Structure formats: structure tokens, C-alpha cells
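Chains, contacts and geometry: an overview
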Amino acid sequence: MAHPDAPGAASRGRADWSQIDWNRAEKNVRRLQARIVKAAGEGRWGKVRCLQHLLTHSYSGKVLAVKRVTTNRGKRTPGVDGEIWTTLAQKSTAVHRLRSRGYQPLPLRRVHIPKPGKKTTRPLGIPAMIDRATQALHLLALEPIAETTGDRSSYGFRKGRSTHDAIGRCFQLLSKEVAPKWILDCDVKSCFDEISHEWLVRQIPMESRTLCKWLMAGFMDKSVFHPTVAGTPQGGIASPVLANMALDGLQRALEERFPRKKGGNRHQVYLIRYADDFVVTGGSQEILESEVRPIVEAFLAERGLRLSAEKTVVRHVDAGFDFLGMTARKYRGTMLIKPSKKGVLSLLESVRKLIKMHPTITAAALIRMLNPRIRGWANYHRRVVSSAVFAYVDHEIWKALWRWAIRRHPNKGRRWVKEKYFPARAGRQWVFTGVDKGADGRKPEVHLFSAGSLSIRRHVLVRGDANPFDPKWRAYFDERRRRRLARNA
């Protein structure tokens, strides 16, 4: 097989794509990323820049960048040029087009998607394929630095971290007997749209000329070109990391004002952040309003950002607060985290709407449409106190399906409807069941997924200083991945 970085590899024919040794390409990139982590940790920024240049010009980095944009969910979504890469020849040609000399990104294609549960829309900017691949390439060299310099309590858009880590950190801080009583619930106004270009170009450790071109590319909306003077567009591969790095440093700013001493942080000021959604704990309402909030506002102002005056509020933990689709609240001194009421109602609304929209399809077809939605929601919330909520959700969905079945057969009795659609199966009563005719003529049964069938499994919080790009932490992340797969099996 072809060595990804062998001399002359970049000049070989298009058939090389099917001959690439992907394991070796990934190994080459990981080795350079580990060297970047080491140099960044030692503060040797000159060496960091040299290693970044080496990675972004390597054949291994280029083929992995093209592979990423041709295998992810948006692989068939074109940019303004209408181009997508589906054939081996197109992918091989794309690798050779990834050059910094003469690179000029195309404007983004602006699309508007509805916000969940709202009538408003969120603008997305879709780059052209070549620009996505270029961003993916430079991201290989930027992410190791972001992981090395990032805040310990930042969990959004980071490799090896998730929303469950942020929720776990909330529980860890607020469940103690002597725990913070107040929360500053922060909402950054239009974070992705208002980040200062000047700050990004000055502070982000990557090739400034390429970064500036990305930021100033503009977008096309209804065939009209619009220039961009601020922000990093949602939809770009590099945008989450750039936004994350813009908010990194907030934890250090708070720790400088409220340092940890031998007895701990007496003001109980701690940050939990997932991307641009974050909360700050405090021992009193006055500390959060008079000292913490001004620090946060000054930090954001340097980056061209500001807090939403309407959505940024101080709350007591006994009253509870919503964070990442969960509600955290203390009940008589016991901290419980449950699925938020808003999220439960949103799920039930979507399920009821789906059932009403399909009054005549078969039960099996309806089950195939409902199961992914219910299973995905339940899997997300199985890490918190969800048993009672799961039972409520199952019951409400059963009521909607019972009405659906009764309307289908107005001339049949309730017992007949029950036996046809809700038989007892595997020790459970009233299981919504359909018959799915297979291609071989067999008619296997399909059953509605029950959220209550999932057991509650606690999430193990990730180490704050763990770096997935550092070789010394590789065994740690491999073990976490192995345990997660075993739990989900």
C-alpha cells in the first residue's frame, strides 16, 4: 500500500484514494498533534507554528481532511458552487487542490433552519466543499492547542467530552452539604454572529492570513452577496472550535479574582460551560450580581460579545434552573437533576404531531418513525433522575396511540382494538405492536420502544486536565470509550 507521506505521493494518479493506508495516515497526524501539544504546553510557540505548517502541508493531513468532509452528515450538501465529492477521482483531485498558495474561499450559502420548539429560525452558513476541507485540515493543527490551553470546566465541542460531563460537574458542585446556593445563568447574545474578527485574528494560534479569509468570505442569501464584519458562521467545521477558544480564559479570569486557597474557594465561585451556554455558581446573590457579572461582561466585551439582559438571571438552587435540556434543583437539601419540563413537552408535542399527521399508515410504519425519536431522547436523559419522567412519557404516548387506533376502527369494540394493536409481549402489557412484512414474505412483529425499559446509568465525569491529543492520556480515553460501549451494549 502507498505510504501517505512518501516522496511523490501528492503527484500520483487519482486511483491512489483506494490505496491509501488510513491507519498510517492517522498515525502520522497523531504523532504531529502530540508534538504540538508538547510544544504548546512548554510555551514554545515558534515550534508550534512550525509543526502546524508541517501538518497542514502533509499528505496525511490532507487525505484525512478530505475523508472527513466526504463521510460526515453534510457530505451531500453543496455550497454556493453546487459541488460535492462522491467519486474516488473527485476525492483524489480534492487532495491536490488543498494548497495555501492562491487560496481564496467562496462565500457561504446561507440557509435558515427552524429553532426547536420556536417559530424563529437560525441562520447557517454552508461553505463550499473545498473550503470545508481546508477548514478540516487546519483544524487538525488547531484542536491540539485548543485542548491544551482550554478551560478545565469547558465541555462543549471538545473531543472526549459531552453535555453529560457538564451536567455531572453541576451535580458534583451543587450536591455537597456545603455547596453554592446561587447560580448566575448566563446567555451570550448571538455568540457565533458577533465574535470580533480582530480579536480572533490576533489571538487564535493559526495562520492568520487563512483565518482572515474565512472570516471575511461573506455569504450568499437569495442570490445576494452580504459581507461579514463580525462572527464565525454556524455551519462551518472550524466555527465551534473558534468560538470555544474565544470563550476560553473565563475560568482563569474568575479564579484570579476568587482564588482557591487551602480551605477552598470561600466565595464558591465556579464555572461550568458547554460552548456558549454556561452557569457560574456563587455563595451569595450579591457576589454574583456585583462582582461576578461585571467580570463576565468585561471578558466578553473584549471579544465583541455581550450577555443577553433578558435571559441572564441569578437563581437560587432551591428554585432550580434549566441547563442543557435538564433541570437542576435542590429538594430539601438533596440535589436532583431531571429532564426539563420544556424538553418533555417538546418531545410529546412532536410525537403527537407525527401521530396525527399519519392517520392511515400501518402500525409498523408508525413505529419505525417513532422509535428513533423516543430512543434518542431517552438515551440522552438516562444519565439523570429520569425513571418517573420516562413512565409519564410512555403513558402520554400510549394515550396518543390509543386515540389513533380508535379513530382507525370506529366500528370495532375496545377489546378488539386492544388485541390487535396492544397485545402483551415479553412480560409487558399493552405493547403497541405492528406487523412489518419483509422482502422474504415473512411478517415479523415490531414493537414501540419504551423509554421506561432503559435503566438509569450514571455518567462518570471526565478529568478536567485530560487531553485526548496527549499520548499519556490515550489509555485513559480508550478505557472510557470501552466502558461506554460496554454499558450501551
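Quick caveat: nothing in here was measured; it's all calculated off a predicted structure. (Residues numbered from 1 in each chain as written. Predicted model: local features only at pLDDT ≥ 70, side-chain atom pairs only at ≥ 80, totals over all residues. Heavy atoms only, no water.)

Within the largest apolar cluster, 70 residues are counted, with the highest numbers of intra-cluster contacts made by W85, L142, I204, F278, V280, V292 and L300. Residues V344, A378, F432 and F449 belong to the second largest nonpolar core, which totals 31 residues. (Core = buried A, V, L, I, M, F, W, Y, C linked by side-chain atoms within 4.5 Å. Buried < 20%, exposed > 50% of the residue type's maximum accessible area, 1.4 Å probe, protein only.)

The subject of this paragraph is the pattern of salt bridges. The tally for this structure, following the rule as stated, stands at 22 salt bridges. Measuring nitrogen to oxygen at the nearest pair gives 2.8 Å for the salt bridge that ties R352 to E396. Of this pair, R352 sits in helix α13 (residues 341-357) while E396 sits in helix α15 (residues 387-408), and the two are 44 residues apart along the sequence. By relative accessible area, which is 28% here, R352 ends up partly exposed. A salt bridge links R481 to D478; the shortest N-O distance between them is 2.8 Å. With a gap of three residues between them, R481 and D478 both fall in helix α17 (residues 474-488), about one helical turn apart. In this structure D478 comes out as partly exposed when scored by relative accessible area, which is 38%. (Salt bridge = Lys/Arg side-chain N within 4 Å of Asp/Glu carboxyl O. Helix = DSSP H or I, 4+ residues; strand = E, 2+ residues; numbered from the N terminus.)

What follows concerns the pairing of strand β1 (residues 108-114). Strand direction decides the pairing type here: β1 and strand β4 (residues 219-221), joined by two bridges, are parallel. In the sheet register, L108 faces β4, and the bridge partner there is F219. (Pairing = 2+ DSSP bridges.)

Two quantities define a packed helix pair, namely the angle between the helix axes and the distance between the axes. Taken N-terminus to C-terminus, the directions of helix α5 (residues 129-149) and helix α10 (residues 239-247) make an angle of 30°; their axes are 11 Å apart at the nearest point. The angle between α5 and α10 places the two elements in the roughly parallel class. Crossing handedness for the pair α5 and α10: left-handed. Contacts from L139, L142, E143 and A146 of α5 reach α10 at V241, L242 and M245. A class-by-class count of the residues in the contact of α5 with α10 yields six nonpolar, no polar and one charged. (Axes fitted to C-alpha atoms, helices over the stretch in contact; angles between N-to-C directions. Parallel < 35°, antiparallel > 145°, perpendicular 65-115°, else oblique. Left-handed = near helix turned anticlockwise from the far one by under 90°. Contact = heavy atoms within 4.5 Å. Nonpolar A, V, L, I, M, F, W, Y, C, P; charged D, E, K, R; others polar.)

With that settled, the discussion passes to a positive patch on the surface. Side chains of R24, K27, R30, R31, R35, K38, K47, K159 and R474 sit close together on the surface and give a patch of like positive charge. Tallying contributions element by element places helix α1 (residues 22-41) first for the positive patch, with six residues. If you trace the backbone, R24 turns up in helix α1. (Patch = residues over 30% accessible without salt bridge, like charges linked within 9 Å, V, L, I, M, F, W, Y side chains within 5 Å. Areas by Shrake-Rupley, 256 points an atom, 1.4 Å probe, with all protein chains shown as cover. Lys, Arg positive; Asp, Glu negative; His and termini not counted. Charge placed at Lys NZ, Arg CZ, Asp CG, Glu CD.)

On to unusual backbone geometry, then. For S223, which is not glycine, the phi torsion reads 65° and is therefore positive. With respect to the secondary-structure elements, S223 resides in the loop between β4 and β5 (224-226). By relative accessible area, S223 is classed as exposed at 71%. Its identity is not glycine, yet A275 carries a phi of approximately 55°, on the positive side. Examined against the element boundaries, A275 turns out to sit in the loop between β6 (270-274) and β7 (277-282).

Let us look at the packing of α1 against helix α2 (residues 45-56). For the pair α1 and α2, the least separation of the axes is 8 Å and the interaxial angle reads 165°. In this view, α1 runs roughly antiparallel relative to α2, as classed from their interaxial angle. In this structure, α1 meets α2 at a crossing whose hand is left-handed. Contacts between α1 and α2 involve V29, L32, Q33, R35, I36, A39 and A40 from the former and W45, K47, V48, L51, Q52, L54 and L55 from the latter. Across the contact of α1 with α2, the residue classes break down as 10 nonpolar, two polar and two charged.

Okay, the state of the cysteines next. Taken as a whole and judged by the stated rule, the model has zero disulfides. C186 takes part in no disulfide bond, and the closest cysteine sulfur, belonging to C170, lies 12 Å away. You can call C186 buried: its relative accessible area is 1%. (Disulfide = S-S within 2.5 Å.)

Remark on secondary structure: sheet strands pair via backbone hydrogen bonds, oriented parallel or antiparallel. As summarised here, the arrangement of the three strands in space is β9-β10-β11, forming an open sheet in which the pairing is antiparallel. Across the chains shown, the open sheet's two edge strands, defined by having one partner strand only, are β9 (321-323) and β11 (334-339). The average undirected angle you get between the axes of adjacent strands in this sheet is 30°. Judged from the three bridges that link them, β9 and strand β10 (residues 326-331) form a sheet pairing that is antiparallel.

Let us look at the environment of K342. With respect to the helices and strands, the residue K342 is situated in helix α13. Separated by 106 residues in the primary sequence, K342 and L448 place their C-alpha atoms 23 Å from one another.

This brings us to helix α9 (residues 208-215). Three or four residues apart is the spacing at which side chains of an α-helix point the same way, because the helix has 3.6 residues per turn. Burial in α9 covers these residues: T210, L211, W214 and L215. The arc enclosing the buried residues of α9, seen along the axis, measures out at 135°, which places them on a common side. For α9, the elements touching its buried residues are α5, α8 (197-203) and α10. (Arc of directions from axis to C-beta.)

Turning our eyes to something else, we now look at the sheet that holds strand β2 (residues 121-126). Here we have four strands laid out as an open sheet, ordered β2-β1-β4-β5, and mixed in their pairing. Since the sheet does not close on itself, it has two edges, and those belong to β2 and β5, each with one partner. Ignoring which end each strand starts from, the neighbouring axes of this sheet average 40° apart. Here β4 pairs with β5 via three bridges, running antiparallel. Looking across to β5, one finds that D221 is bridged to V224.

Any functional reading would require information beyond the geometric quantities listed.
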